[in-house]
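Residue-level structural notes
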Amino acid sequence: MRTFEHVNAPDVQTAVALLGEASTEAIAGGTDLLGELKARLRSPQRLVNLKTLAGLQEISYSPKAGLRLGALVTLAEIERHPIIQERFPILAQAAASAATPQLRNMGTIGGNLCQKPRCWYYRNKLFECWLKGGDKCFAEDGENKYHAILGADRCHAVHPSDLAPALIALDATLRVVGPDLDGELSLEELYTKPTESRRQMTILGPGELITDIRVPIPKNGSRGVYLKTMERQSWSFALVSVAAQMNFAGERIADARVVLGGVAAIPWRARDSERILIGQRFSEGLAERAVEAAVAGAQPLRDNEYKVSLAKALVKRVIIDLCSTTD
Amino acid sequence: MPKVIKTKTEFEGHVFEEYVVVEGEGLSAWEPQAPLKFVGQKTPRIDGPERVTGRALYTFDVQLPGMLYGKILRSPHPHAKIKKLDTRRAAKLPGVRAVLSYKNTPKISFRQGQTFVFDEIVRYVGDEVACVIADDEEIAEDALELIEVEYELLPFVLDPEEALQPHAPKVQLSGNLLNGKPDLYERGDLDQGFAQAGVIVEGAFKTQCALHNCMETHGSVALWEGDSLTIWDSTQHIFGVRAAAAQLLGLPLNKVRVIKKYMGGGFGSKNGLGKYTVIAALGAKMTGRPVKIMLDRHEENLAAGNRPATVQHLKIGAKHDGTLTALELRASVGAGAFCTWPPSVGGPARQLYLCPNVKTEQHTVFTNTGPLSAFRAPGYVEGTFALESLMDELARKLDIDPIELRLKNYTEIDQMTGRPYSTKGLREAYERGTKLFGWDLTPRSPSLKGRGGSPPTLGEGLGERFRRGFGMASQIWSGNGSPPAYALVKLNPDGTATVISGTQDIGTGTKTVLAQVAAEELDFPIEKISVEIGDTQLGPYAPLSAGSMTVASVGPAVRVAAHDARQQLLDIAAQVLEVPRESLTICDGLLSSSAIKEPVAVKDVLEKLENFMIIGRGAREPNPEDVTVNTFGVQFAEVAVDTETGEVKVERIVAVHDSGRVINPLTLSSQIEGGIIQGLGYALCEQRVVDKATGVVINGNLENYKLPTALDIPEIVFEMVDQPDPRANNLGVKGVGEPPIIPTAAAIANAVADAIGVRISELPITRDKVLKALKKE
Amino acid sequence: MATKAVRAKKLKVAIRGPGKTAIKLTVNGETHELLIEPRRTLLNALRKDLGLTGTKKACDEGTCGTCTVLLEGKPIYACMALAIECDGKSVETIESLSKDGQLHPIQRAFIAEDALQCGFCTPGQIMSVKALLDENPNPTLDDVKRVLSGNLCRCGAYPKLFQAALRAADLVRTGR
């Protein structure tokens, strides 16, 4: 790491003001940022420590308002929280599947949602890739077994978060505070495919901070599951993951949200699959159609065609699991 | 008087002839059933307390007053000539004490003339360009960014097969083929062998480049005191580093001291002198202060060695009853940019089975990638994967049980030399392993065709999408140990003993095993024994800790030295106690004689001699010339394959190995389990990835170079044949460090083939390959 | 830089660094005042500034677990924490375990089960087991595997690590 100044943020307004300045970065858990600083991918002149912000460390729950997670809540706290385990199991499952016990004690939910891609070209200083301001995606014709199969354009990296697909499946919203804004948006809206003028995976601008994540209470009878495939049994980012939440009206699927991780630059909502499922009774054929729809338009690269198979296998399994569970 | 003997030694598949000096009394091995007090007992590590408290001082932990840190600038290009190097800005940064490069250091030839410590040609991404010495590592890293280098890019080649093409860029001036010709071995008549065959199977097998990833990276601390150089080095061979450093730096041997007290893993990658050691010594000389250079994890994975990738074309001919008639292997091995020594990929094909007609041909090829180094059973892990995979295919084709096929081609003769094996416990290993695993009860079908749809045997919790499979593979490896290896045993006036040898404990438990041997021979309580190793200034020579040879090389020398000390003690005690020497015995550190009433403590005798110290000397005896000493074993694997996601879950490994007499069943079991777990990683997830367009290693870290975690570990069950090998050496021991990694990947691959009915002939067996294979099916 | 500092000052925040700044770190019950740059990691502060080399450095980027220490009682990777952000906090390292020359039961269990080979990852493994047993004196094998899933062991001591953790739990529970 190059040298930097360090400031403990006393409150959100001050943090926003500090972060609006040039060459300044926020640090919370630090598990993503320090990796970038150590690799000297970036060298901000100042770090603003968000961990000192009061009021963003809490998990609260009420039957009316649902679940509220302060942005500084750690993954370990989410994983172990009894109400989350009971009412929002896919969130607890996703948290438990991420990283390691130590990293989950350090990493925050806010940081997890905003983390940078793990693409091995992006993370290597020797490659001036498009996402870092260069003009080429090295993965496109290079080593791309971990890369995107859906929706990729100039950059083929995938969003690495485990929590994001689960929270999108749960229809979570965020409160974002910035120099000129203080508002709510859905988590799904946070993510964006990087574009020529905005080479990042979220819409957050300088000085904009997530302060809270809110999760509505799933309808009665709603069920969810989070599945993740890795190259080893733990401590890996997802090759492909699927978070799904469904509720039922009698034998019919009343609502379904299916979100894939590890397949695209953003958590990939399989809207066509959802449309196919909603209002229908489960059948093998229905599941097949939903599975095919989930990967429709997939454009695998040289080394990642297996991700299409994985995505199909996982989507099929979540549909069967959720439709065959009886309360 | 020392005797000089000419002897042959075998090391990792290569045979050398050398002179050795033997001193001390020749001792024969203990009888197999001899009642032994310490040898054969589960003995916790005598240095366990240091290791569990954090007090053990590794090279990484050495901090000297005034110590500076070095960081190396490495080439970003796979092949280039340095046109311009400007270190002035870096040198001016506050806290920077020196910047070393080819401009201000002597031109020191390295790796037998293939490069220089600072070369003006860089031959792989990661090759050393310059080194900053600074007050702290961060400052040195800041300075690295200020060094300006202009490179003239040269054409490069990454793939070994491409490197053999006539117009391929030359990595080394002498050409890309190591030694200018392939390693060739032939016996019998191959054509005739294939002509006699009723069945021929063949296949191309690929193994990946694997990285050691020792937890402690490579590195050194160098300190000059006058014209004497002390090096703390994370090395498997202190005497080798001393000799090489002295030679390169132009120093006499008595001015170089190499120390390695504790080491965080080596696995073969720390067998030799590293450039970082020479650079640290040069930097320390230049600055007048001690200098520490420890590689970081990324450098470790670029420049500190690897198990090279291989491509193996293997062909086996057999009669219908399974008798092998011909075996042919053509292998290419990617050496990386430098290589002085080829791993023996053809070893298993030449040795494991009885076969009169064999040809192996190995091309070891320079490429513009990081240089290879030994990695736990180099060559044999790779070669066994191919051989045992194809033997499995042969069994299937002939509809013979895989174990039966191997027994059909069992040999008691080392076919390379025509000599019999001293002992060979492989038949017993097959028998015991078969029972332990329940091999005969597993629902394997010799013909896998049509098994895909038949109901697989499913354990609890497994659904329809899983298929279970069973496989096995055998192991052969030298592990014989050899001279030269020397030891001293000092008896201190208080009745304690110190074992001294210039060997090193790389994590295997060497100290504990040597203490057991000394305690046994002296008949002292083991608590009275301490072991001093890892310092060239203290101990007599011992070989590198590699080739599964430490216990079988140094252990016998310690026994001879302890025996010598014991004889001297008896001589002295007889005179002090005024009893006939023949009447004296030692038991639990007490001297007894029919001529005295009460036993006398050794201490009570030695204390009468002021500070006289008994020093016993011992040397490793030569190996027998009429037999071959090898290690053998077999492993069985049970896997469950998820046919939807391609996941291979290894559920159980059963191993039975023959490594002669077991000295310490506790530390031995760690070697077996650890070897299997490394083999598991090699089989399923480990693989260096190099970007083909740029030659950059893009997963040189522990995030994307996947090692097994706690949750990846299968049930491991093992037994040792535990038959002392009386011809091997005076302990009856053979090595055990490498054997357990050798057959694991092959056994897993065979189990996967059994499960899914398709052979995956390329490691590692990852989901993409399994899913692809299933599609083919 | 200058104008930025002025603006930041207007915000009434304390800017520290980039040079050395003083922090208080309580390590194994003893409070130390250290002068460190903000870029100093907790790991380097422990090893270089306090000479506590029991906590090992193997990857320095949160991918191996050898530098596991307890921060405010919870296991973390010291290489991924900034020392400045541990100002005023309490850290427990491997050096805290044995008291008065007596090994901690976890340490005794590690030796008895041979739950180590080269020993380089061992301090981190022990600290993970310590964190587990502090919270759950009666862990299952599965609990042990999960808690050790963030500590790599290249020598492959895992089966013995599991046994040692369970033996340690037994020793701690029975007060031996």
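The rules behind each value
- Residue positions are given per chain, counting from 1 as you read along its sequence in written order.
- Numbering of ligands from 1 and lettering of chains from A proceed in the order in which they are written.
- In keeping with the model being predicted, local features are shown solely for residues with a pLDDT of at least 70 and side-chain atom pairs are shown and tallied solely at 80 or more, while totals for entire chains, interfaces and linings include all residues.
- Only heavy atoms go into the side-chain values, all of them from the structure, while hydrogens and water stay out.
- Only DSSP runs of H or I reaching four residues or more are called helices, and only runs of E reaching two or more are called strands; each is numbered from the N terminus.
- In what follows, residue pairs with any heavy atoms lying within 4.5 Å of each other are defined as contacts.
- A 1.4 Å probe defines the accessible area here, and the buried area is the portion of it lost by two parts on being joined, summed over both.
- Take a side-chain nitrogen of Lys or Arg and a carboxyl oxygen of Asp or Glu: if they are within 4 Å of each other, that pair is a salt bridge.
- Only buried residues count toward a nonpolar core, which is a set of Ala, Val, Leu, Ile, Met, Phe, Trp, Tyr and Cys residues joined through side-chain atoms within 4.5 Å.
- For every residue, the accessible area (1.4 Å probe, protein chains only) is compared with the maximum for its type, and the residue is labelled buried under 20%, exposed over 50%, or partly exposed between those bounds.
- The criterion for strand pairing is that DSSP finds at least two bridges linking the strands in question.
- Between N-to-C directions, angles cover 0 to 180 degrees, with each direction set by a line fitted to C-alpha atoms, over the stretch in contact for helices.
- We call two N or O atoms a polar contact when they sit within 3.5 Å, provided that within protein one can donate a hydrogen and the other can accept it, with sequence-adjacent residues counted only if both atoms are side-chain atoms.
- Three residue categories are used. Nonpolar comprises Ala, Val, Leu, Ile, Met, Phe, Trp, Tyr, Cys and Pro, charged comprises Asp, Glu, Lys and Arg, and polar comprises the others, including Gly.
- Note on angle classes: values under 35 degrees are labelled roughly parallel, values over 145 roughly antiparallel, values of 65 to 115 roughly perpendicular, and the remainder oblique.
- Handedness of a crossing follows from how the near helix is turned relative to the far one, being left-handed for an anticlockwise turn of less than a right angle and right-handed for a clockwise one.

Of note, Ala 637 of chain B is situated in strand 30 (residues 631-642). Along the chain, Ala 637 of chain B and Asn 750 of chain B lie 113 residues apart, while their C-alpha atoms are 8.2 Å from each other.

With that settled, consider the interface of chain C and chain B. Tallying the contact residues gives 46 residues for chain C and 57 residues for chain B. Here chain C packs against chain B, burying approximately 4100 Å² in sum over the two surfaces, 56% of which is carbon and sulfur. At the junction of chain C and chain B, the tally comes to 11 salt bridges. Across the salt bridge formed by Lys 57 of chain C and Glu 137 of chain B, the nearest N and O atoms sit 3.7 Å from each other.

Looking now at the nonpolar core. Soluble globular proteins tend to bury their nonpolar side chains together. In this structure, Ile 316, Leu 394, Ile 748 and Ile 756 of chain B together with Leu 42 of chain C are the most contacted members of the largest nonpolar core, which totals 191 residues. Broken down by element, the residue count for this core peaks at 10 residues, all from helix 10 (residues 380-398) of chain B. Setting aside chain neighbours within four positions, we find Ile 756 of chain B in contact with Arg 467, Val 641, Val 770, Ala 773, Leu 774 and Glu 777 of chain B.

Moving on, we get to the sheet that holds strand 13 (residues 219-225) of chain B. Residues and elements named next belong to chain B. Reading across from one edge, 5-9-3-16-13-14-15 is the order of the 7 strands in this open sheet, with mixed pairing throughout. The strands lining the two open edges of the sheet, one partner per strand, are strand 5 (96-101) and strand 15 (256-259). Strand-to-strand twist of the sheet, defined as the mean angle between neighbouring strand axes without regard to direction, takes the value 20°. As defined by bridge partners, strand 13 adjoins strand 16 (residues 291-294) across 4 bridges and the pair is classed as antiparallel. When the bridges of strand 16 are listed, Gly 219 appears paired with Met 294.

Our focus in this paragraph is the sheet that holds strand 28 (residues 600-601) of chain B. Residue and element names in this part refer to chain B. Taking strand neighbours across the sheet as the criterion, the 3 strands line up as 26-27-28 in an open arrangement whose pairing is antiparallel. In this open sheet, the two strands that pair with only one neighbour each are strand 26 (584-587) and strand 28. Note: strand 27 (residues 590-593) against strand 28, 2 bridges, orientation antiparallel. Residue Leu 590 lies in a different strand from strand 28, and its bridge partner there is Ala 601. Sheet contacts for helix 14 (residues 550-577): strand 26, strand 27 and strand 28; angle to strand 26, the most-contacted strand, approximately 120°.

Taken together, the 35 residues of chain B in the interface contact 31 residues of chain A. Summed over both partners, the interface of chain B with chain A comes to about 2800 Å²; 51% of that surface belongs to carbon and sulfur atoms. At the surface where chain B touches chain A, the tally comes to 10 salt bridges. Here Arg 40 of chain A makes a salt bridge to Glu 141 of chain B, at a shortest N to O gap of 3.6 Å. Applying the counting rule to chain B against chain A returns 13 residue pairs in polar contact (both at pLDDT 80 or more). Of all the elements in the fold, those that place two or more residues in the side of chain B that touches chain A are helix 3 (137-144) and helix 18 (767-776) of chain B. Sorting elements by how many residues they give to the side of chain B that touches chain A places helix 18 of chain B first, with 4 residues. Among the residues making up the side of chain B that touches chain A, the classes are represented as 12 nonpolar, 6 polar and 17 charged.

Residue and element names in this part refer to chain C. Where strand 2 (residues 21-27) and strand 3 (residues 30-36) come together, 7 bridges link them in antiparallel fashion. Paired with Thr 26 across the strands is Thr 31, a residue of strand 3. Turn length for the strand 2-strand 3 hairpin, with the two strands adjacent in sequence and antiparallel, is 2 residues, and the turn residue Asn 28 shows positive phi of about 50°.

Residue and element names in this part refer to chain C. Direction vectors running N to C along helix 3 (residues 105-113) and helix 6 (residues 158-173) enclose 140°, while the axes themselves pass 8 Å from each other. Taken together, the axes of helix 3 and helix 6 are oblique relative to one another. Relative to helix 6, the crossing made by helix 3 is right-handed. Of the residues in helix 6, those touching helix 3 at Pro 105, Ile 106, Arg 108, Ala 109, Phe 110, Ala 112 and Glu 113 are Lys 160, Leu 161, Gln 163, Ala 164, Arg 167, Ala 168, Leu 171 and Val 172. When the residues that make up the contact of helix 3 with helix 6 are grouped by side-chain class, the tally is 10 nonpolar, 1 polar and 4 charged.

Before going further, it helps to spend a moment on unusual backbone geometry. Residues Leu 763 of chain B and Pro 764 of chain B are joined by a peptide bond in cis, for which omega reads -5°. Assignment of secondary structure puts Pro 764 of chain B in the loop between helix 17 (744-756) and helix 18. In this chain, Gly 17 of chain C is followed by Pro 18 of chain C through a cis amide linkage whose omega measures 5°. If you trace the backbone, Pro 18 of chain C turns up in the loop between strand 1 (15-16) and strand 2. Here Asp 171 of chain A, not a glycine, exhibits a phi torsion of approximately 65°, which is positive. Residue placement: Asp 171 of chain A occurs in the loop between helix 8 (163-169) and strand 6 (173-178). What makes Asp 171 of chain A partly exposed here is its relative accessible area of 35%. Of note, the phi angle at Arg 111 of chain B is positive, near 50°, even though the residue is not glycine. Inspection of the secondary structure assignment puts Arg 111 of chain B in the loop between strand 6 (109-110) and strand 7 (115-116). For Arg 111 of chain B, a relative accessible area of 32% gives the class partly exposed.

Proximity of charged atoms lets side chains of opposite charge pair with each other. Following the criterion strictly, the structure yields 95 salt bridges over all chains and no others. Among the ionic pairs, Asp 303 of chain A bridges to Arg 302 of chain A, the shortest N-O distance being 2.7 Å. Assessed through its relative accessible area of 23%, Asp 303 of chain A is described here as partly exposed. As a salt-bridge pair, Arg 154 of chain C and Glu 686 of chain B come within 2.8 Å of each other at their nearest N and O atoms. Remark: Glu 686 of chain B occurs in the loop between helix 16 (665-684) and strand 32 (715-720) and Arg 154 of chain C occurs in the loop between helix 5 (141-147) and helix 6; the pair is interchain, linking two chains. Glu 686 of chain B carries the same exposure label as Arg 154 of chain C, and that label is buried. When salt bridges with common partners are traced through the structure, they connect Arg 2, Arg 40 and Lys 125 of chain A, Lys 71, Glu 141, Asp 142 and Glu 145 of chain B together with Glu 37 and Arg 39 of chain C into a single cluster.

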